[in-house]
Every structure is written in structure tokens, then in C-alpha cells.
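Residue-level structure breakdown
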Amino acid sequence: MMLQAAGGSSGIGKCIAIECYKQGAFITLVARNEERLLQAKKEIEKHCINDKQVVLCISVDVSQDYSQVENVIKQKLMSINYLGSVYPSRAVITTMKERRVKPYNVYVTVAYPPDTDTPGFAEENKTKPLETRLISETTSICTPEQVAKQIVKDAIQGNFNSSVGSDGYMLSSLTCGMSPVTSITEGLQQVVTMGLFRMISLFYLGSFDNIIRRCMIERAKYGTADKTA
Ligand SMILES: NC(=O)c1ccc[n+]([C@@H]2O[C@H](COP(=O)([O-])OP(=O)(O)OC[C@H]3O[C@@H](n4cnc5c(N)ncnc54)[C@H](OP(=O)(O)O)[C@@H]3O)[C@@H](O)[C@H]2O)c1
């Protein structure tokens, strides 16, 4: 197994890399900060199951132009004679752009992570409006290990959707639209549960509206909604 984990130096991405490494995968970590990449590499290497496994780090900003990102990754892989892996990864990227990946035996898994206890989540919480924070608090927070395990399991099984817990399952069913299914059973489950889940989602939306209304009233009263926290 070969994994290229973008965002692999922290949080969910790092835990996905660890999960794959534990199963014998070769890992390429992609992120911007080189120091954090090296720290993550050391952490991942502790889970090695055979002496042939490699953790490679590539420092690149993936929000740049596609060809620049491709060049950096290609050069890095070629510089260490890792050419074999350039072609599989290129095939994944190009065929994904063409949206015709199935004949190439390439599967795409779309993950719906719940609120997950990561450095990124902690950073985001510092600037979240109170309304968003209160809505987030209506569900429990997951560990990145738990989320990574589920994503890797779904990806290995070729599942299009990957979700954690009952809320995640409901959300992925409600938003399945024209997404592909892995089995007839999965499609039938979506057809049967769609109406019920939509009904439940209306109660959720009602309670979210209440939170927002309460914050608005508090703001009007005190000039700040923080009294509701
Ligand atoms: N945690 C949650 O509750 C949650 C819930 C739903 C969805 N998500 C999504 O899941 C993803 C991972 O979240 P997380 O909480 O695990 O985040 P995290 O702990 O902040 O980790 C983000 C990783 O992405 C890398 N990264 C960020 N920008 C990059 C860029 N432009 N180019 C290359 N690498 C970049 C970071 O390293 P550098 O900064 O060094 O580049 C780091 O390795 C995010 O897309 C997030 O929106 C998270």
C-alpha cells in the first residue's frame, strides 16, 4: 500500500498516515512546515511493522497552482529514486480531474469528519462565533485516531462515503445525491432512510435556530452574546 497524505503532519492526516503505516504502507507526508513534517515522520516511524517501510516528507503548499505542486512532488520523488510511485499518484490525480476513475480501479472516498480534537480544531475554536460554538457543542468531539481508523477502513473497502457515528451517517445519507454506491444494500438503505433523516434534520435545524435566536436576544440585551456561554 502507498499513501500520499496531504496535511499529513498534524491532526486527522497524521493519524491516517499512522493507521496506514501500521498496515505496512509506504508513506509520503505533504505539508508546508518542514519542522512539523520531521516531527510527524519520527512519530509515524515508531509504528513500523517491517524494515522496508519508508516515510518521505515533501514540503509544499498545495494551494498553489496544480502544475507547481506536481513539479515539486515529482522532483522530490525522482531525487531519491522513488520514480515508481510518481506514475500511480499522477494517474490518480489526472483521472480524478476527468471524473472517470472506475475503469482504472481507482476509488474515491469522501470523508465527513465530525468535530475532531486536533490542533487545527483548537485553532479554529479561538475565533468561532458563539453561535457556531454552541451548535458544535450539541454533538460530542471525536479523537483523530477514531476518525482516521474509520476513513482508512472505508477507503480500503472502496466506500465512497466515510462517516463517524450516527450524526455522520445521517449527514452522509442526506447528502448522497448522485454519489456512487458500493453495494445495492447501501443504495437501498439511503432510499429507505432519506425521508426519516430529513424529518430528524428539521428538528436539528429548529434547535440550531433557537440557539441563534437566544444569542441574538442576549446581544440585544447586553451588547454581547457571551453571557449565554
Ligand atoms: N478537526 C475537525 O473537527 C474537522 C472536522 C471536519 C473537517 N475537518 C477538515 O479536515 C482537514 C484536517 O483537519 P485537522 O483538524 O486535522 O487540521 P490540522 O490539525 O490543522 O492539520 C492540517 C494539516 O494540513 C497541513 N496544511 C494546511 N494547509 C496546507 C497547505 N496549503 N499545503 C499543504 N499542507 C497544508 C498542515 O501543515 P502545515 O501548516 O505545515 O502546512 C497540517 O499538516 C481540514 O481540511 C479540516 O477542515 C476537520
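Below: a short report on this structure.

Parameters and conventions
- Residues numbered from 1 in each chain as written.
- Predicted model: local features only at pLDDT ≥ 70, side-chain atom pairs only at ≥ 80, totals over all residues.
- Heavy atoms only, no water.
- Buried < 20%, exposed > 50% of the residue type's maximum accessible area, 1.4 Å probe, protein only.
- Helix = DSSP H or I, 4+ residues; strand = E, 2+ residues; numbered from the N terminus.
- Pairing = 2+ DSSP bridges.
- Right-handed = clockwise from strand over helix to strand, strands pointing away.
- Core = buried A, V, L, I, M, F, W, Y, C linked by side-chain atoms within 4.5 Å.
- Near = heavy atom within 4 Å.
- Polar contact = N/O pair within 3.5 Å; in protein donor to acceptor, adjacent residues only side chain to side chain.
- Areas by Shrake-Rupley, 256 points an atom, 1.4 Å probe, with all protein chains shown as cover.
- Nonpolar A, V, L, I, M, F, W, Y, C, P; charged D, E, K, R; others polar.
- Domains from an automatic or database assignment.
- Salt bridge = Lys/Arg side-chain N within 4 Å of Asp/Glu carboxyl O.
- Phe/Tyr/Trp six-rings, centres within 6.5 Å; stacked < 30°, edge-to-face > 60°.

Here we take up the pairing of strand E3 (residues 55-59). In terms of residue burial, E3 counts as a mostly covered element, since four of its five residues are buried. Here five bridges tie strand E2 (residues 26-31) to E3, and the two strands are oriented parallel to one another. Paired with leucine 29 across the two strands is cysteine 57, which belongs to E3. Read from E2 through helix H2 (residues 34-45) to E3, the crossover connection turns out right-handed.

Relative to the elements of secondary structure, valine 60 occurs in the loop between E3 and helix H3 (66-79). Given the relative accessible area of 5%, valine 60 is considered buried.

Before going further, it helps to examine the nonpolar core. Counting 21 residues, the largest nonpolar core has Ile16, Cys20, Ile27, Leu29, Ile44 and Val55 as its most contacted members. Elements that contribute at least two residues to this core include exactly helix H1 (11-22), E2, H2, E3 and helix H7 (144-157). Counting seven residues, the second-largest nonpolar core is a separate cluster that includes Ile58, Val69, Ile73 and Leu77.

As a structural note, the neighbourhood of the ligand is formed by 22 residues, with Ser9, Ser10, Arg32, Thr116 and Thr118 the closest of them. Separating an oxygen atom of the ligand from a backbone N or O atom of glycine 7 is a distance of 3.4 Å. Coverage of the ligand by the protein chains reaches 68% of its 890 Å² of free accessible surface. Among the elements of the structure, H1 and helix H5 (119-127) are those that each provide at least two residues to the shell around the ligand. For the shell around the ligand, the leading source of residues is H5, giving three residues. Residue composition of the shell around the ligand, by class: eight nonpolar, ten polar and four charged. Formed jointly, the shell around the ligand draws a minimum of three residues from each of two domains, domain 1 (2-103) and domain 2 (110-228).

Summed over all chains, the structure comprises five salt bridges. Two residues, glutamate 45 and lysine 41, come together in a salt bridge whose shortest N-O distance is 3.1 Å. Note that glutamate 45 and lysine 41 are positioned in helix H2 at a spacing of four residues, about one turn of the helix. Among the residues examined, glutamate 45 registers a relative accessible area of 33% and is labelled partly exposed. The closest approach of N and O atoms between glutamate 123 and lysine 126, which form a salt bridge, is 3.1 Å. Residue glutamate 123 and its partner lysine 126 are both found in helix H5; the two are separated by three residues, about one turn of the helix. Among the residues examined, glutamate 123 registers a relative accessible area of 48% and is labelled partly exposed.

Inspection of the entire model under this criterion finds two aromatic pairs. Seen in terms of ring centroids, tyrosine 169 and phenylalanine 197 are 5.8 Å apart; in terms of plane orientation they differ by 90 degrees. Their pairing is edge-to-face. One end of the pair, tyrosine 169, is in helix H8 (residues 165-174); the other, phenylalanine 197, is in helix H9 (residues 184-222), with 28 residues separating them in the sequence. By relative accessible area, which is 33% here, tyrosine 169 ends up partly exposed. Between tyrosine 204 and phenylalanine 208, the aromatic rings sit 6.2 Å apart at their centres with planes inclined by 75 degrees, giving edge-to-face as the arrangement. Placement of both tyrosine 204 and phenylalanine 208 in helix H9 is noted, with a separation of four residues, approximately one turn of the helix.

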